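As a plain string of letters, each chain reads:
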Amino acid sequence: EVQLVQSGAEVKKPGESLMISCQGSGYSFSTSWIGWVRQMPGKGLEWMGIIFPGDSDTIYSPSFQGQVTFSVDKYINTAYLQWSSLKASDTAVYFCARSPYRGAFAASCTFDTWGQGTLVAVSS
Amino acid sequence: QSALAQPPSASGSLGQSVTISCTGSSRDIGGYNYVSWYQQHPGKAPRLMIYEVTKRPSGVPDRFSGSKSGSTASLTVSGLQAEDEADYYCASYAGGHMGVFGTGTKVTVL
């Protein structure tokens, strides 16, 4: 079974750093792009960008460029989403998801498998 | 890249049909056949229901169908069932290695 399992909920203070994880199983992790999607409380889905585990090639949405960092450890089938200095406005559920495409259309927002989501709450 | 426009809400009676629209531009929906649709129940992860405008992943009932005309895509749910009550999001490739989601539609089954 193809599966993505994300790390648990986090409660942090503004200015703190954070890394959340997404571990894949049941497929060749290195050969499928992984995307990150934000959902702020009571709001819709936002495409943050994608990373290719095979070579760490990364594409960020302009809205998130410079605000977060994607990384991956292909040897343990795990992708990461990282913040160096959290803000209250980062409070949201973050989903990782797998794209079934290679090439340009990996950025098409088509994701066939999703993690369960990680709630990040930032408050002083 | 602005979010694709969807109506905030839609409704239909049990057994009837509901159609949700998703309006973009020639830079996204109108330019590519990479439109997908997701269903999301409260507190759950989204589920892929339609991809490449009209295709259904394995396990998705054939009550769900997708279409596109120009820069507007549509999702139709026929034979509405209680479990179809959820939020629905469209999404599209937007060129330049970018993707974009719709604003979301809450479907109520009457």
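As the structure is a prediction and not an experimental result, all values here were calculated from the model. (Residues numbered from 1 in each chain as written. Chains lettered and ligands numbered in written order. Predicted model: local features only at pLDDT ≥ 70, side-chain atom pairs only at ≥ 80, totals over all residues. Heavy atoms only, no water.)

Caption draft 1: Layout of the state of the cysteines. Within the structure shown, the criterion is met by two disulfides over all chains. The closest cysteine sulfur to the non-disulfide-bonded Cys109 of chain A is located on Cys90 of chain B, 9.5 Å from its own sulfur. On the basis of relative accessible area, Cys109 of chain A is assigned to the buried category, the value being 0%. (Disulfide = S-S within 2.5 Å. Buried < 20%, exposed > 50% of the residue type's maximum accessible area, 1.4 Å probe, protein only.)

Caption draft 2: Examining the packing of aromatic side chains more closely. Evaluated as defined, the whole model comprises 14 aromatic pairs over all chains. Between Phe105 of chain A and Tyr93 of chain B the ring centres are 4.9 Å apart and the planes differ by 65°, which places this aromatic pair in the edge-to-face class. Separated into two different chains, Phe105 of chain A in the loop between β9 (92–98) and β10 (113–114) and Tyr93 of chain B in strand β7 (residues 86–93) make up a pair that spans both. Using a relative accessible area of 26% as the deciding quantity, one classes Phe105 of chain A as partly exposed. Taken together through their ring pairs, the aromatic side chains of Phe95, Phe111 and Trp114 of chain A together with Tyr38 and Phe101 of chain B make up a single cluster. The positively charged end of Arg98 of chain A is found above the aromatic ring belonging to Tyr27 of chain A, 4.6 Å away from the centroid. (Phe/Tyr/Trp six-rings, centres within 6.5 Å; stacked < 30°, edge-to-face > 60°. Helix = DSSP H or I, 4+ residues; strand = E, 2+ residues; numbered from the N terminus. Lys NZ or Arg CZ within 6 Å of the ring centre and 35° of its normal.)

Caption draft 3: Local environment of the sheet that holds strand β2 (residues 18–23) of chain B. Residue and element names in this part refer to chain B. Pairing within the open sheet is antiparallel, and its three strands lie in the order β2-β6-β5. Here the strands that pair on one side only, and so sit at the sheet edges, are β2 and β5 (64–69). Each adjacent strand pair in this sheet contributes to an overall mean axis angle of 20°, direction not counted. Relative to strand β6 (residues 72–77), β2 runs antiparallel, the two sharing six bridges. Each bridged residue has a counterpart across the sheet, and for Thr19 the counterpart in β6 is Thr76. (Pairing = 2+ DSSP bridges. Axes fitted to C-alpha atoms, helices over the stretch in contact; angles between N-to-C directions.)

Caption draft 4: Quick look at the environment of Tyr51 of chain B. Residues and elements named next belong to chain B. The topology assignment puts Tyr51 in the loop between β4 (47–50) and β5. Classification of Tyr51 by relative accessible area gives partly exposed; the value is 24%. Sequence separation of Tyr51 and Gly66 is 15 residues, and the distance between their C-alpha atoms is 8.4 Å.

Caption draft 5: How the structure looks around the pattern of salt bridges. This structure, assessed with the given rule, holds four salt bridges over all chains. Note that Arg98 of chain A is salt-bridged to Asp112 of chain A, the shortest N-O span being 2.9 Å. A residue pair is termed long-range when its members are at least 10 positions apart, and Arg98 of chain A in strand β9 and Asp112 of chain A in the loop between β9 and β10 qualify at 14 residues. With a relative accessible area of 32%, Asp112 of chain A lands in the partly exposed category. For Asp84 of chain B, the salt bridge identified is with Arg63 of chain B, shortest N-O distance 2.6 Å. Pair noted here: Asp84 of chain B is in the loop between β6 and β7 and Arg63 of chain B is in the loop between β4 and β5, with a separation of 21 residues, a long-range link. Residue Asp84 of chain B is classed as buried on the basis of its relative accessible area of 2%. (Salt bridge = Lys/Arg side-chain N within 4 Å of Asp/Glu carboxyl O.)

Caption draft 6: Quick peek at the interface of chain A and chain B. Contact residues are listed per partner, giving 23 residues for chain A and 21 residues for chain B. Roughly 1800 Å² of surface becomes buried between chain A and chain B when both sides are summed, with 69% attributable to carbon and sulfur atoms. By the criterion of area lost to chain B, the three top residues of chain A are Leu45, Phe105 and Cys109 of chain A, representing 31% of everything that side buries. One can count zero salt bridges joining chain A with chain B. Elements with a minimum of two residues in the side of chain A that touches chain B: β4 (34–39), β5 (45–52) and β6 (57–60) of chain A. Ranked by the residues each element gives to the side of chain A that touches chain B, the list is headed by β5 of chain A, at three residues. Residue composition of the side of chain A that touches chain B, by class: 14 nonpolar, six polar and three charged. (Contact = heavy atoms within 4.5 Å. Buried area = accessible area lost by both parts, 1.4 Å probe. Nonpolar A, V, L, I, M, F, W, Y, C, P; charged D, E, K, R; others polar.)

Caption draft 7: Inspection of the sheet that holds strand β7 (residues 69–73) of chain A at higher detail. Residues and elements named next belong to chain A. With antiparallel pairing, the four strands of this open sheet are ordered in space as β1-β3-β8-β7. Taken across any chain shown, the strands that pair with only one partner, and hence form the sheet edges, are β1 (3–6) and β7. For this sheet, the mean inter-axis angle between neighbouring strands, taken without regard to orientation, is 20°. Where strand β3 (residues 18–25) and strand β8 (residues 78–83) come together, six bridges link them in antiparallel fashion. Bridging across to β8, Ile20 finds its partner in Leu81.

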